[in-house]
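Here are the chains, one letter per residue:
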Amino acid sequence: QRKYMESLSAYARQFLDQMQKPNIEAIDGLPPTIAIEQRSGGHSPRSIVATTTEIWDYLRLLYARCGTPTCWHAEEKGKGKAKSMHVCGKEISASNPSQIVETLVTRFAGKRAMLCAPVVRAKKGYHREVLEGLQKQGLVRARANGKIVDLREVLKEGGENPLGFGRYEKNDIDAVVDRIVLDDAGRQRIAESVETALKLADGSLTVLIEDASSRDGWAEHRFSEKFACPDHPECSLDELEPRIFSFNSPQGACSECAGLGTVNEFDEHLCVPDATKPLREAIVPWRKNGRRMNIYYARQLRGFAALMKVDLDTPYEKLAPKVRDLLMRGSDAAGSRAAIEWEGVLPHLKRRATDTESENVKERLMAYMSQAPCRACAGARLRTESLAVKLRSGTLSLSIAELAAMTVSRALAAVQSLELTNEQRTIAAPILKEIEARLGFLASVGLDYLSLNRTSSTLSGGEAQRIRLATQVGSGLVGVCYVLDEPTIGLHQRDNDRLIATLRRLCDIGNTVLVVEHDEDMMRAADWILDIGPGPGRHGGTLVAEGDMRAIAAHPTSLTGEYLSGRRKIEVPAERRKVAESKAIVVKGACANNLRKIDVAFPLGGIVCVTGVSGSGKSTLVNDILLQAAKKHVLGEPASPGGYTSVKGLASIARVVEVDQTPIGRTPRSNPATYTGIFDEIRKIWSMVPEAKIRGYEPGRFSFNVKGGRCEACQGQGVKRIEMHFLPDVFVDCEVCKGKRYARETLEIRYRGRTISDVLEATVEDALQFFDAHPKIHRMLECLRDVGLGYLQLGQASTTLSGGEAQRVKLATELGNATDANTLYILDEPTTGLHFADVARLQSVLDRLAAKGHTLVVIEHNLDIIKCADWIIDLGPEGGDRGGTVVATGTPEALARHKTSWTGKWLKPVLR
């Protein structure tokens, strides 16, 4: 990247972020290099899979040039309980007068016709002034609600209501412009009449063709000069342009949600987190305010209870459904069923959030809001007009949002079966070529289960990386070095072959692919392997071995080679813990995302592995349902129930711990010592040194985050950042403290010859020996070593830790603080970034937690972890809309015998 930047002018470089100069002597033969990093898919709610891959841009162009607009006018049909919404759905087309004349003369040649201008459509009133206006323009007849009338007669005799219309009825009036036989000889007269009618009716025309089979002897045909429905002129479109299909453009975005597809609404379940409480205490946002507001709300609630004749001590869940609905949503929502005039808790909170100018109040009220699909666009993000443009694929008529809601595989099939005219096919050919290629690339890297409208922020690091890889595969570049960081993350063993085939294709066309990877299949498929080690941290950093797979496997000192050759391996447990579905946490009716109302039991007291191909519903089941339900039960956290019927068996759980790969801190000031809590103990030790006592130094004196003991020149950071204009920023050690973080007086305090700064620079292994006389610190450091983090510096900034390292720091913290209370641990792919040896250490840590009686639910693709589990829940059979069911449950041996389980197929060989 630096070499490329240096080819630009100094003026251009000042606008670009440049990387630090690498600590190397030289690099020879450096080709153009593209790094496809392992990072999240972006935090913008406007970014989706289709926009990231540019598929959305091509879809917008396709719909703008080949889409068929339809009328989106919706009416209520039926009365009472039979009411339903009916959408017109007629095709909208723009026709100029010449095209209309040509259609009439060729299609209805020789037939009698009446050319009418629709001047009134479904409007209440008597419309005498309209009729008088038509008469002044020389017209003699009109058609009122399907009946032909003479304007002279009705205006002469009808008074104020010449047509006898009902006061509250919606009526139609067409001005009869001409009565004529449609043939080629009368083409000129027809053209003049058509133009007159279009001018009268603002671009609309109704043509009545003589038809004996019709009830009144006339068949009605409608035309429009604009993109407007002849029946509903208010449903009109400007010329179709790609921008009206963009939810990031004001011309295309839904006005209610501004193109986000969701809106923040006050949630009844967040406002009433505990429905068992009495009514006077149940509504939390009406209780947690200032004294005056609390008194006001209590008075309001007493008034409501008196009017509805309910007791304030009645539990909220015992109130009649109608009373609850009226209380929360108000009399406006209840309509004519409302017994009293009542604003409602949720509408009141919404009004308060809108009216207040206090940021604190707004922030507090946000805690009671949740995201809900926008009612106007039903989550489709676009205006109704844009969603009414359709393309036909087989038996389906699809809007752009309906096509984007499909998975990659289904969208590819739909695009390939589009029904287009010859003209449209010519226009669409280059567009479809690009769309099909991109969809094909996504499928080739194992992402065929993703829906195109999936928000990028919900993608895993591996999925986001493979999307970027698919984009690069499509670029067709030659002579490039691609650098990938663990692209197999989140990928099932079944899908590895497809990814490897994609990387092989990149090589075959003349590129170099450099992969940082721990996956065995990837290693075996590689042409050349570089094994770095032999250990982590200061024990590593050398090239242990290089060569093809055979050379690495045969190398005597390569730890990787020992696992590849089978000389060392993670053994299958000689005896598994006895677990059973009879003693379990049971999720009933799980239906969030692609889950299909499944019932799943998570046995207690062991390691439960949730497996399945990518996109089968594992994260939804474990993170979105089980974890959230457990947090609500154990921690009392408010959560919107959804996606399941019930979760039973949580009474057996005293604690719930989520061990994921999110950073352990958001700033460089956070580090393993502060996260695990041992830095508090270390600071106490330094404050007990005799010299510190003489000076009156408290533990806070040894914190680099507060004034007093830290170096104020760098505010405890140890480094200063110097902006270098068109060169990369330079970080230099603080001149005052020389990178030590602390003031000189603080560094004068030593314990066993070391300053507090020396301890932060020490590795976990060094600190183990240094603190052997301090059990609390020593125990936590042992746990960090046991999870394979002996090489970490205690003061290493948390922002520099990988996702796998952050996850293991959390695991070690739990090991060090583990109590006898029954704990539910939720782990999401803990083997990410781990070598075979690290996986073995991780498995021993998991076994130690399970041996204490805790329950571990692990989402995993790694076969070594799966084969050591006590119970497996396999979801599938495929990803996306073809997944979401329980394929098999049981021990690893039982799963290996299952005939339709993809996980079982790959598990069988490793159990031998």
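Located above this text is the structure these notes cover.
1. Regarding the side chain of Thr560
Point 1. Relative to the elements of secondary structure, Thr560 occurs in helix α23 (residues 559-565).
Point 2. Using a relative accessible area of 5% as the deciding quantity, one classes Thr560 as buried.
Point 3. Ignoring sequence-local partners within four residues, the contact set of Thr560 consists of Met523, Asp531, His835 and Phe836.

2. Focus: the sheet that holds strand β25 (residues 655-659)
Point 1. Taken in spatial order, the six strands make up an open sheet running β25-β28-β29-β23-β30-β31, and their pairing is mixed. Two strands lie at the open edges of the sheet, namely β25 and β31 (885-890), each paired on one side alone. Across this sheet, the average inter-strand angle for adjacent strands is 15 degrees, counted without regard to direction.

3. Side note on unusual backbone geometry
Point 1. Residue Pro534 follows Gly533 across a cis peptide bond; omega there is 5 degrees.
Point 2. Summarising the element assignment, Pro534 is placed in the loop between β19 (529-533) and β20 (542-547).
Point 3. The step from Gly876 to Pro877 runs through a cis peptide bond, and the omega angle for that step is 5 degrees.
Point 4. Along the polypeptide, Pro877 turns up in the loop between β30 (871-876) and β31.
Point 5. A positive phi is found at Gln715, a non-glycine position, where the angle reads about 55 degrees.
Point 6. Structurally, Gln715 can be placed in the loop between α27 (690-695) and β26 (719-724).

4. Remarks on the pairing of strand β7 (residues 147-150)
Point 1. Strand direction decides the pairing type here: strand β6 (residues 141-144) and β7, joined by four bridges, are antiparallel. Paired with Arg143 across the two strands is Ile148, which belongs to β7.
Point 2. Following β6, the chain reverses through two residues before pairing antiparallel with β7; Asn145 in that reversal takes a positive phi of roughly 50 degrees.

5. Description of the nonpolar core
Across soluble globular proteins, you tend to see nonpolar side chains buried next to one another.
Point 1. If you look at the biggest cluster of nonpolar residues, it comprises 77 residues, and the most contacted ones within it are Ile682, Trp686, Phe771, Leu781, Leu794 and Leu856.
Point 2. Top contributing element to this core by residue count: helix α33 (residues 836-851), with eight residues.
Point 3. If near-sequence neighbours (up to four positions away) are discounted, Trp686 is found in contact with Ala692, Phe702, Ile749, Arg750, Tyr751, Arg754, Thr755, Ile756, Val759, Phe770 and Phe771.

6. Describing the packing of helix α31 (residues 775-786) against α33
Point 1. Running from N to C, α31 and α33 point in directions that differ by 130 degrees, and their axes come no closer than 9 Å. Between α31 and α33, the angle is such that the two are oblique. Here Cys783, Arg785 and Asp786 of α31 come into contact with α33, specifically with Arg841, Val845 and Arg848.
Point 2. Partitioned by chemical class, the residues of the contact of α31 with α33 number two nonpolar, no polar and four charged.

Rules used in this analysis
Residues numbered from 1 in each chain as written. Predicted model: local features only at pLDDT ≥ 70, side-chain atom pairs only at ≥ 80, totals over all residues. Heavy atoms only, no water. Helix = DSSP H or I, 4+ residues; strand = E, 2+ residues; numbered from the N terminus. Buried < 20%, exposed > 50% of the residue type's maximum accessible area, 1.4 Å probe, protein only. Contact = heavy atoms within 4.5 Å. Pairing = 2+ DSSP bridges. Axes fitted to C-alpha atoms, helices over the stretch in contact; angles between N-to-C directions. Core = buried A, V, L, I, M, F, W, Y, C linked by side-chain atoms within 4.5 Å. Parallel < 35°, antiparallel > 145°, perpendicular 65-115°, else oblique. Nonpolar A, V, L, I, M, F, W, Y, C, P; charged D, E, K, R; others polar.

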